[in-house]
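# Structure assessment
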Amino acid sequence: MMNIAANSRNENSSPISISQKKYLRELQKRRHQIIAIRILIFVLFLFLWESAVRLEWMDGFIFSSPSRIWNTFRSMWEDGSILLHTGITLAETLISFALVVLIGVFLSTLLWYSSRLSEILEPYLVILNSLPKSALAPLLIVWLGANMRTIIVSGISVAIFGTVLNLYTGFSEMEPDKIKLIYTLHGTKRDALFKVVLPGTLPLLISIMKVNIGLCLVGVVIGEFIGARQGLGYLIIYSSQIFKLDVVILSIVILCVIAVVLYGLLGLLEKKLSR
């Protein structure tokens, strides 16, 4: 009787298992198809771009071409200049991003702890967040000088105010019933912060970080446009002034690669934490 019951359970669970496997195979097949189509579109774009320049449908001096960009990359790789400029921009972006996360979490926690302080500062944060950050860059150069510190501050200024506002909103809306329960059990506000608020807003923090990594890169490049002697932003401005448009487009391509890689790393972090 036990064997019959076991066989019956196996027969009943078998169709579900097969359908699940079939669904997972279809899902994986669809994912592979999407990746293949993306690669095909990119390769087709490069082919049409190169063909248009070689057939003289477009001016290669103005629009460049994949082969010219590749040759420029090889020559700059050999003399080490592209590594220098890329490394400086990447370092400035990562430093400004790390400071935005740390300062944003600290200020948001401070505002959550003190409702009076949040009521006083919230209008100023909204105004500063609405301010076009590119307008601050020339002032930062005058105040702090043309150096890496100014570029990092420029990167921070683009993302910090939005980070504080979004995190504070997330803190304020986080699980009010659980927080009341902690207070009922004679817990402190510190207990509510570390046991409910911070763990509960971790997905929100990761989402904000994914946005901020791009914003910090934009802020760094804006700062390099105005007051730098190294970095991809400086390379874009200087090369456009002397009409080295191959270098300009190469720098833009590298910025896109940096943004995609950093965003992808944060996406992997998000998946790991969600598991």
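Anything mentioned here points back to the structure above.
### Focus: unusual backbone geometry
Phi at E56 is positive, roughly 65 degrees, even though this residue is not glycine. By the element assignment, E56 lies in the loop between α1 (2–54) and α2 (60–63). A relative accessible area of 69% places E56 in the exposed class.

### Comments concerning helix α12 (residues 245–274)
In this model α12 runs 43 Å from its N-terminal to its C-terminal C-alpha over 30 residues, within 8% of the 44 Å that 1.5 Å per residue would give. Burial in α12 covers these residues: D246, V247, V248, L250, S251, I254, L255, I258, L262, L266 and G267. Residues of α12 that are buried sit in contact with α2, α3 (66–79), α4 (81–113), α10 (202–227) and α11 (232–241).

### What to know about the layout of surface pockets
Reported here for the largest pocket is a volume of approximately 390 Å³. Lining the largest pocket are 15 residues, with I69, L250, V253, I254 and V257 sitting closest to its centre. Those elements giving two or more residues to the lining of the largest pocket turn out to be α1, α3, α4 and α12. Residues that form the lining of the largest pocket fall into these classes: 14 nonpolar, one polar and no charged.

### Section: the environment of L144
Looking at the secondary structure, you find L144 in helix α6 (residues 136–144). Of the residues examined, L144 reaches a relative accessible area of 28% and is grouped as partly exposed. Note: C-alpha distance between L144 and V126 (18 residues apart in sequence) is 25 Å. Beyond its immediate stretch of four places on either side in the chain, L144 contacts R149, T150 and V153.

### Examining the nonpolar core
One finds I82, F97, W112, M209 and L232 to be the most contacted residues of the largest nonpolar core, which totals 47 residues. With ten residues, the top contributor of residues to this core is helix α7 (residues 148–172). If we ignore the near neighbours within four places in the chain, the residues touching L232 are I82, H85, T86, T89, E224, S251, I254, L255 and I258.

### Some remarks on the environment of S251
Tracing the sequence through the fold places S251 in helix α12. Beyond its immediate chain neighbours, meaning those up to four positions away, S251 contacts L232, L235 and I236.

### Section: the packing of α4 against α7
Where α4 meets α7, the closest approach of the two axes is 7 Å, and the angle between their N-to-C directions is 35 degrees. α4 and α7 meet at a crossing whose hand is right-handed. Per-class residue counts for the contact of α4 with α7 are 19 nonpolar, seven polar and one charged.

### Remarks on the packing of aromatic side chains
Counted by the stated rule, this structure contains five aromatic pairs. Here Y234 and Y238 contribute two aromatic rings whose centre-to-centre distance is 5.8 Å and whose plane-to-plane angle is 15 degrees, an arrangement assigned as stacked. Of the two residues, Y234 and Y238 are both situated in helix α11; the distance of four residues between them amounts to about one turn of the helix.

### Considering the pattern of salt bridges
The full count for this structure, using the stated rule, is three salt bridges. Its salt-bridge partner being D246, residue R68 comes within 3.3 Å of it at the nearest N-O pair. Pair noted here: R68 is in helix α3 and D246 is in helix α12, with a separation of 178 residues, a long-range link. For R68, a relative accessible area of 32% gives the class partly exposed. By relative accessible area, D246 is classed as buried at 15%.

Criteria and cut-off values
- Numbering of residues begins from 1 in every chain and follows the order in which that chain's sequence is written.
- Per-residue local features of the predicted model are confined to residues with pLDDT of at least 70, and side-chain atom pairs are confined, for both listing and counting, to 80 or more; whole-chain, interface and lining totals are unaffected and use all residues.
- Side-chain metrics rest on all non-hydrogen atoms present in the structure, leaving aside hydrogens and water.
- Here a strand is any run of E in DSSP of at least two residues, a helix any run of H or I of at least four, and the numbering for each starts at the N terminus.
- Each residue is assigned to one of three classes by its accessible area relative to the maximum for its type, calculated with a 1.4 Å probe on protein chains only: buried under 20%, partly exposed between the two thresholds, exposed over 50%.
- Expected span of a helix, by definition, is 1.5 Å for each gap between consecutive residues, and there is one gap fewer than residues.
- When checking whether two residues touch, look at their non-hydrogen atoms; a contact exists if any pair is within 4.5 Å.
- Only protein atoms enter the 1 Å grid used here. Points where a 1.4 Å probe fits but cannot escape make up a cavity, open sets with protein on both sides within 12 Å along at least five of seven lines make up a pocket, and a residue lines them when an atom lies within 4 Å of a point.
- Grid points are joined across faces, edges and corners, and a volume is the space filled by probe spheres set on the points.
- Nonpolar residues are Ala, Val, Leu, Ile, Met, Phe, Trp, Tyr, Cys and Pro. Charged residues are Asp, Glu, Lys and Arg, and all others, Gly as well, are polar.
- Here the nonpolar core consists of buried residues drawn from Ala, Val, Leu, Ile, Met, Phe, Trp, Tyr and Cys, with membership extended through side-chain atoms lying within 4.5 Å.
- Axis definition: a line fit to C-alpha positions, over the contact stretch in the case of helices; interaxial angles, taken between N-to-C directions, run 0 to 180 degrees.
- A crossing counts as left-handed when the near helix is turned anticlockwise from the far one by less than a right angle, and as right-handed when that turn is clockwise.
- The rule is short: rings of Phe, Tyr and Trp, with Trp giving its six-membered ring, pair when the centres are within 6.5 Å, and they are stacked under 30 degrees, edge-to-face over 60, tilted in between.
- Salt bridge, as used here, is a side-chain nitrogen of Lys or Arg placed within 4 Å of a carboxyl oxygen of Asp or Glu.

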